There are 2 protein chains.
Amino acid sequence: MVAASSSVVAVYPLSSYTFGTKEPKLEKDTSVADRLARMKVNVAPPQDRELVFSHVVPLFTNFSWFLNYELIKEVQEHNHPHILLLQIGNTFCKLPGGRLKPGENEIDGLKRKLSSKLGANSTAHQPNWQIGECVANWWRPNFETVMYPYCPPHITKPKECKKLFMVHLPEREYFAVPKNLKLLAVPLFELYDNVQRYGPVISTIPQQLSRFQFNMISP
Amino acid sequence: MVAASSSVVAVYPLSSYTFGTKEPKLEKDTSVADRLARMKVNVAPPQDRELVFSHVVPLFTNFSWFLNYELIKEVQEHNHPHILLLQIGNTFCKLPGGRLKPGENEIDGLKRKLSSKLGANSTAHQPNWQIGECVANWWRPNFETVMYPYCPPHITKPKECKKLFMVHLPEREYFAVPKNLKLLAVPLFELYDNVQRYGPVISTIPQQLSRFQFNMISP
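None of the values given here were measured: they were computed from a predicted structure.

1. Examining the overall build of chain A
So, step 1. Helix and strand counts for chain A stand at 8 helices and 10 strands.
So, step 2. For chain A, with 219 residues in total, the buried portion stands at 53%.
So, step 3. Contacts spanning at least 24 positions in sequence make up 72% of the contacts within chain A whose residues lie at least 6 apart.
So, step 4. Per element, the accessible surface of chain A, about 10200 Å² overall, is 53% carbon and sulfur.

Dropping the structure here:
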């Protein structure tokens, strides 16, 4: 039996963190369609595809993160948690993360991806990424845009599983944001029930985080 | 730092369980509006209301549950988890649960409510309720129908907090269903993205459960 008490997450104010910039990180794909086309080609030559798909779930595991802190002064007074998103162009928002290398441990892979997106160029000054709780899994049954928070019946070989983890930040940290991306801190109330703007994965983060008790630490 | 491994939940087939009936459990309220009116009156006389609301969150904590098993033969083959819901009348579905007594421990209160709704009349044959993980919290900021998966900014005294827990079933169990209610086993794929039919709380259970790994046990 699992204890039913709530997990407590420490959330520090924005003033705890320092943000810099670094060279652009070009996105490999400019649309979801491009990404799906690349996934198909990269998996395996067509003749081997059936075989490779038998263990495609760990191979394609993706990672995302949450950094919770207060950005806007008005909101800070009300102690409302925010989620860090990367904005590409004028409207498209995504969670940082990416694909695992074959055989790579999921925690190691997520740390590698976080450092690549937001770590300083110097390996001596990498953030100490504290990977926390898994908060959701999303499955892509076919090479199509639609994903589900379960593996649908009849699907024995899903093409991708995207796994979302909470990332706990220490009290002080330095982040380097690629010049072609914007780092946005979006409050939970902006994400909630806003599937049109943020899509089904990001817009239901508030529900997935509702089980946590946030300990909002004052500046 | 919390380990990032997935929680594993054992899910037994329907044939593991026995279902009987018992006398009707009349619902105290026939609509959400009735319930809100009753909440207002029950909290405290108007002159004391401000004081009582200062600790209303634990007082109003509500509980709900999930029992995951396979009901339909076709789905059973595909190992897809189901959620147990109570149907009242022809369309309205709810999770079993209810209000805590003042000062009552939340686990004790949930067990009391589950036994009241689904336990046999004999206290000697009560199910061994295994209350598991908290999966979500929903806040009601005012005496109105709308709830949020966070306490909205500006709200210092929410009127109700509904807390959803997973309930783990043993391999065998007997349930007594009140004659005026129907017990429904609804697959995750029926709930997902179906806010029109199930409302915002129940329709996002699939996302909240996606972090668990279900170990589907054969009959």
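2. Remarks on the confidence of the model for chain A
Residues and elements named next belong to chain A.
So, step 1. Residues with a pLDDT of 70 or more make up 74% of chain A, whose mean pLDDT is 74.
So, step 2. Confidence drops under pLDDT 50 across residues 67-77; counting only partners more than four residues distant or on other chains, this segment forms 41 contacts.
So, step 3. At the level of chain-chain contacts, confidence expressed as ipTM amounts to 0.78, with global pTM at 0.80.

3. Structural notes on unusual backbone geometry
Residues and elements named next belong to chain B.
So, step 1. A positive phi angle is found at histidine 154, which is not glycine, with a value near 80°.
So, step 2. Relative to the helices and strands, histidine 154 is located in the loop between strand 6 (130-140) and strand 7 (160-168).
So, step 3. At aspartate 193, a position not held by glycine, the phi torsion is positive, near 60°.
So, step 4. Looking at where aspartate 193 falls in the secondary structure, it is placed in the loop between helix 6 (188-191) and helix 7 (195-203).

4. Quick look at the sheet that holds strand 5 (residues 92-94) of chain B
Residues and elements named next belong to chain B.
So, step 1. Pairing is antiparallel in the open sheet, where 3 strands are placed in the order 5-4-9. Both outer strands of the open sheet, strand 5 and strand 9 (181-187), are each paired with one neighbouring strand and no more. Taken over all neighbouring pairs, the strand axes of this sheet differ in orientation by 40° on average, direction set aside.
So, step 2. Pairing of strand 4 (residues 82-88) with strand 9, which is carried by 7 bridges, proceeds in the antiparallel orientation. Bridging from a neighbouring strand, glutamine 87 pairs with lysine 182 of strand 9.
So, step 3. Along the sheet face, helix 7 touches strand 4, strand 5 and strand 9 and points at about 15° away from the line of strand 5.

5. Details of helix 5 (residues 106-118) of chain B
What sets the pattern is the α-helix's 3.6 residues per turn: residues three or four places apart point alike.
Residue and element names in this part refer to chain B.
So, step 1. With 13 residues, helix 5 should cover 18 Å at 1.5 Å per step; its first-to-last C-alpha distance of 18 Å lies within 8% of that length.
So, step 2. All of the buried residues in helix 5 are Ile107, Gly109, Leu110, Lys113, Leu114, Ser115, Lys117 and Leu118.
So, step 3. Where helix 5 begins, one side-chain oxygen reaches toward the backbone nitrogen of isoleucine 107, 2.8 Å away; that side chain belongs to asparagine 105.

6. Some points on the relation of the copies chain A and chain B
So, step 1. Rotating chain A by 180° about the axis while translating it 0.0 Å along that axis superimposes it on chain B, leaving an RMSD of 0.0 Å. On the angle and the small slide along the axis, the relation comes out as a two-fold axis. Within chain A, A:Gln208 has its C-alpha nearest the rotation axis, a separation of 2.7 Å.

7. Considering the sheet that holds strand 4 (residues 82-88) of chain A
All names here are of chain A.
So, step 1. An order of 5-4-9 is seen for the 3 strands of this open sheet, with the pairing classed as antiparallel. Strands at the two margins of the open sheet, each flanked by one partner only, are strand 5 (92-94) and strand 9 (181-187). The mean inter-strand angle of the sheet, taken between neighbouring strand axes irrespective of direction, is 40°.

8. Some thoughts on the environment of A:Phe189
So, step 1. Examined against the element boundaries, A:Phe189 turns out to sit in helix 6 (residues 188-191).
So, step 2. For A:Phe189, a relative accessible area of 35% translates into the label partly exposed.
So, step 3. With 107 residues separating them in the primary sequence, A:Phe189 and A:His82 have C-alpha atoms 8.9 Å apart.
So, step 4. What A:Phe189 contacts, discounting residues up to four positions off in sequence, is A:His80, B:Tyr150 and B:Pro153.

9. Overview of the nonpolar core
So, step 1. Among the nonpolar cores identified, the biggest contains 48 residues, and A:Leu85 and B:Leu85 are the most heavily contacted of them.
So, step 2. Listed in part, the 14 residues of the second largest apolar core include B:Ile107, B:Val167, B:Phe175 and B:Leu181.

10. Quick look at the pattern of salt bridges
Residue and element names in this part refer to chain B.
So, step 1. Counted according to the given criterion, the structure contains 6 salt bridges over all chains.
So, step 2. The salt bridge involving glutamate 104 is made with arginine 112; its shortest N-O contact spans 2.8 Å.
So, step 3. When the shortest N-O distance is used, the salt bridge between glutamate 160 and arginine 140 registers 2.6 Å. Of this pair, glutamate 160 sits in strand 7 while arginine 140 sits in strand 6, placing them 20 residues apart in sequence. Across the pair, exposure class does not vary: glutamate 160 and arginine 140 are buried alike.

Parameters at a glance
Residues numbered from 1 in each chain as written. Chains lettered and ligands numbered in written order. Predicted model: local features only at pLDDT ≥ 70, side-chain atom pairs only at ≥ 80, totals over all residues. Heavy atoms only, no water. Helix = DSSP H or I, 4+ residues; strand = E, 2+ residues; numbered from the N terminus. Buried < 20%, exposed > 50% of the residue type's maximum accessible area, 1.4 Å probe, protein only. Contact = heavy atoms within 4.5 Å. Areas by Shrake-Rupley, 256 points an atom, 1.4 Å probe, with all protein chains shown as cover. pLDDT = per-residue confidence, 0-100. Pairing = 2+ DSSP bridges. Axes fitted to C-alpha atoms, helices over the stretch in contact; angles between N-to-C directions. Expected span 1.5 Å × (residues − 1). Polar contact = N/O pair within 3.5 Å; in protein donor to acceptor, adjacent residues only side chain to side chain. Least-squares fit on C-alpha atoms with pLDDT ≥ 70 in both. Core = buried A, V, L, I, M, F, W, Y, C linked by side-chain atoms within 4.5 Å. Salt bridge = Lys/Arg side-chain N within 4 Å of Asp/Glu carboxyl O.

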